[in-house]
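# Residue-level structural notes
Residues per chain, in single letters:
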Amino acid sequence: MSSTKNICPLCGGLKKQGTATFTVDMEDTLMVIRKVPATLCSLCGNEWLSDEVAANVESIMEETKNIHRQVEVTKYRKVT
Ligand SMILES: [Zn+2]
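For clarity, every value in this text was computed on a predicted model and none was experimentally measured.

Definitions and cut-offs
Residues numbered from 1 in each chain as written. Predicted model: local features only at pLDDT ≥ 70, side-chain atom pairs only at ≥ 80, totals over all residues. Heavy atoms only, no water. Helix = DSSP H or I, 4+ residues; strand = E, 2+ residues; numbered from the N terminus. Polar contact = N/O pair within 3.5 Å; in protein donor to acceptor, adjacent residues only side chain to side chain. Contact = heavy atoms within 4.5 Å. Donors = N, O, S within 2.8 Å, 3.2 Å for Na, K, Ca; no water. Tetrahedral: all angles 85-135°; square planar, octahedral: opposite > 155°, others 65-115°. Buried < 20%, exposed > 50% of the residue type's maximum accessible area, 1.4 Å probe, protein only. Phe/Tyr/Trp six-rings, centres within 6.5 Å; stacked < 30°, edge-to-face > 60°. Lys NZ or Arg CZ within 6 Å of the ring centre and 35° of its normal.

### Some words on the side chain of Thr 39
Relative to the helices and strands, Thr 39 resides in strand β2 (residues 30–41). Polar contacts involving the side chain of Thr 39 include one to the side chain of Gln 17, which spans 3.0 Å. Those residues in contact with Thr 39 that lie beyond four places of it in its chain are Lys 15, Lys 16, Gln 17, Asn 46, Glu 47 and Trp 48.

### Overview of the coordination of the zinc ion
Taken together, Cys 8 (SG), Cys 11 (SG), Cys 41 (SG) and Cys 44 (SG) make up the protein donors of the zinc ion, found 2.2 to 2.4 Å from the metal. In this structure, the zinc ion is coordinated by four donor atoms arranged in tetrahedral fashion, with angles at the metal of 101 to 115°. Here Cys 11 falls in the partly exposed class, since its relative accessible area comes to 34%.

### Here's the deal with the packing of aromatic side chains
Applying the stated criterion to the full structure yields zero aromatic pairs. In this structure, Lys 15 packs its charged tip against the face of Trp 48, placed 4.4 Å from the ring centre.

Nothing here speaks to function; it is all geometry.
Given below as structure tokens:
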């Protein structure tokens, strides 16, 4: 099973660990989260987040919602 774990289900390319930049267009704020740890396909560039990282990204979005800036660029961080 582990032999297919690193293969992209979309294109068959090889997945690798890296960081991604996430852009989320919210009501008041265009939010950019940089350096998000992700698994990336080296061929088609598709991104996968672990559940833990995805939950963290949501927490960062929740926090940023209250800032009401037009554009908010932030770096991925652990939110507890
Ligand atoms: Zn792919």
